[in-house]
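Summary of the model geometry
So the chains spell out like this:
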Amino acid sequence: MSARDRDRSRVFADPRNAVSLLAMGVFVVMLVGTSKSPSPTPPSPGVTFSTSGGGAEQNAGGAPSPSASGQGSVGRPAPAPPLDGGARASDAGVAVGRTPTLLRGPLAEALPIGTGELDALRFRHEGAAGVREVEAQYVATLMSRGYAVTTRKADPKRKEGRVVQLSRSGEQVVLRLAREETAVVVSLRLQSTAKAD
Amino acid sequence: MRSTTRQVDPTFCATHVATPLLGGGLVYLVFRSPDLLVFRWIEALGGLPALLGLRAMLEPTSQALPSWVLYSLPDGLWVYAFMSFMLHLWRGARPGPRRFWAAMGPALGMGWEAGQWLGLTPGTFDVMDVALMAVMACIALLLHGTPEGLGSGHAQTVEP
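A quick note: this is a predicted structure, and the numbers were derived from the prediction, not measured. (Residues numbered from 1 in each chain as written. Chains lettered and ligands numbered in written order. Predicted model: local features only at pLDDT ≥ 70, side-chain atom pairs only at ≥ 80, totals over all residues. Heavy atoms only, no water.)

Looking now at the packing of aromatic side chains. Following the criterion strictly, the structure yields five aromatic pairs over all chains and no others. Between the aromatic rings of Phe27(A) and Phe82(B), the centroid separation amounts to 5.1 Å while the plane-to-plane angle is 35°, which identifies the pairing as tilted. Taken as a pair, Phe27(A) in helix α2 (residues 16–33) and Phe82(B) in helix α6 (residues 73–89) lie in two separate chains rather than in one. Geometrically, the ring pair formed by Phe100(B) and Trp101(B) is edge-to-face, given 5.0 Å between the ring centres and 75° between the ring planes. On the basis of relative accessible area, Trp101(B) is assigned to the buried category, the value being 6%. (Phe/Tyr/Trp six-rings, centres within 6.5 Å; stacked < 30°, edge-to-face > 60°. Helix = DSSP H or I, 4+ residues; strand = E, 2+ residues; numbered from the N terminus. Buried < 20%, exposed > 50% of the residue type's maximum accessible area, 1.4 Å probe, protein only.)

Written out as structure tokens, the structure reads:
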């Protein structure tokens, strides 16, 4: 056996190889563990959402039946405290849907602003291509309802975060969009700007 | 043959391995979406209620954390921990094995990201993730790559 071969076999016999392999295995498990878990149920093809606001839980805008899941891709109740992303748990409504059908439901109707029935909605678009594309759809829909964009900027605190403020007479909508794992999460905060009297 | 355990300094491991591992893990467990697979594992182990309590307690601080800390730093910290551990474990060894094992951290991390980009591994590709992994790998290399250098010609640690 040559000296080179002896060196090589000595390297392979080094117990640090086993330790290193073990560490590599742990590292891979960590990478896998921090991946998104597979969905036990396919996402809903439409938009379902649950809402609360003004003290009443309701089904707004003729949308499909309310869902309390809140975690569409997981298909079970949220174990949260609040999820990451732009929308917090205090945002009342949670929706699950795919981008092409995202604007069914409440946005297809007049937003129920100032009625005391609804103050926030939260949509989760699983598999949406990008925050900007979802933003464009929401803005286009809202503008077709007479809203004008008053502010549009990045939200550096959120991944690919965006904040868009739109308003029309007596009403204001604040859109917050963010990337959350494989989904784009949109929260709409609805505010009345009309004077109380 | 010299014992492997004798070559590992517990203080080094606590500082440069365990701390970044725990830091990165904490960000994932406290601030990231519960859709992650690790939450299923923790649930199966019965630790979910305690974790949810911790999330509730620390959640307000997420408002103050920038996006790159929440989404990109954890993987960078793990790459740092892995690379530091390998550089430490293989210090004084021949350059070949030391280079190989030290490179596995960034290679796995960035490979995982590349897989996401290609749609082969789950998750979302983010160039910031790759950038932070590269930065943390460079930091590990600068701090621990010398003096028993990756580039130096000969070093002998494993003795018969």
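This paragraph deals with a nonpolar patch on the surface. All names here are of chain B. Residues Trp68, Trp117, Leu118, Leu120, Phe125, Val127 and Met128 make up a contiguous nonpolar surface patch of roughly 800 Å² in combined accessible area. Looking at the nonpolar patch, the elements with two or more residues in it are α7 (95–118) and α8 (127–144). Secondary-structure assignment places Met128 in helix α8. Residue Met128 is classed as partly exposed on the basis of its relative accessible area of 38%. (Patch = residues over 30% accessible without salt bridge, like charges linked within 9 Å, V, L, I, M, F, W, Y side chains within 5 Å. Areas by Shrake-Rupley, 256 points an atom, 1.4 Å probe, with all protein chains shown as cover. Salt bridge = Lys/Arg side-chain N within 4 Å of Asp/Glu carboxyl O.)

Turning to the pairing of strand β4 (residues 120–126) of chain A, a few remarks are in order. Where a strand is regular, its side chains alternate between the two sheet faces. Residue and element names in this part refer to chain A. Counting buried positions over the seven residues of β4 gives seven, a clear majority of the element. Side chains of β4 alternate between two faces, with Ala120, Arg122, Arg124 and Glu126 and Leu121, Phe123 and His125 buried alike. In this structure, β4 lies alongside strand β8 (residues 183–192), joined through seven bridges in antiparallel fashion. Bridged to Phe123 within β8 is Val186. (Pairing = 2+ DSSP bridges.)

Right, let's talk about the pattern of salt bridges for a bit. All names here are of chain A. Under the definition given, this model contains eight salt bridges over all chains. Residue Asp155 pairs with Arg176 through a salt bridge whose shortest N-O separation is 3.9 Å. Separated by 21 residues along the polypeptide, Asp155 in strand β5 (residues 148–155) and Arg176 in strand β7 (residues 171–180) bring together distant segments of the chain. Since its relative accessible area comes to 34%, Arg176 is described here as partly exposed. Taken together, the shared-partner salt bridges in this structure form one network comprising Arg122, Arg124, Glu126 and Glu180.

With 39 residues, the main nonpolar core has Phe82(B), Phe85(B) and Met86(B) as its most contacted residues. Those elements that place two or more of their residues in this core are α2 of chain A together with α2 (10–31), α3 (37–44), α4 (48–58), α6, α7 and α8 of chain B. Examining the composition of this core, we find that twelve residues originate from one element, α6(B), more than from any other. (Core = buried A, V, L, I, M, F, W, Y, C linked by side-chain atoms within 4.5 Å.)

This brings us to α2(A). Here α2(A) is 18 residues long and its end C-alpha atoms lie 25 Å apart, about the 26 Å a rise of 1.5 Å per residue gives. The complete set of buried residues in α2(A) reads Arg16(A), Asn17(A), Ser20(A), Ala23(A), Met24(A), Phe27(A), Met30(A), Leu31(A) and Gly33(A). (Expected span 1.5 Å × (residues − 1).)

Honestly, that's just the spatial picture; any functional story needs more than this.
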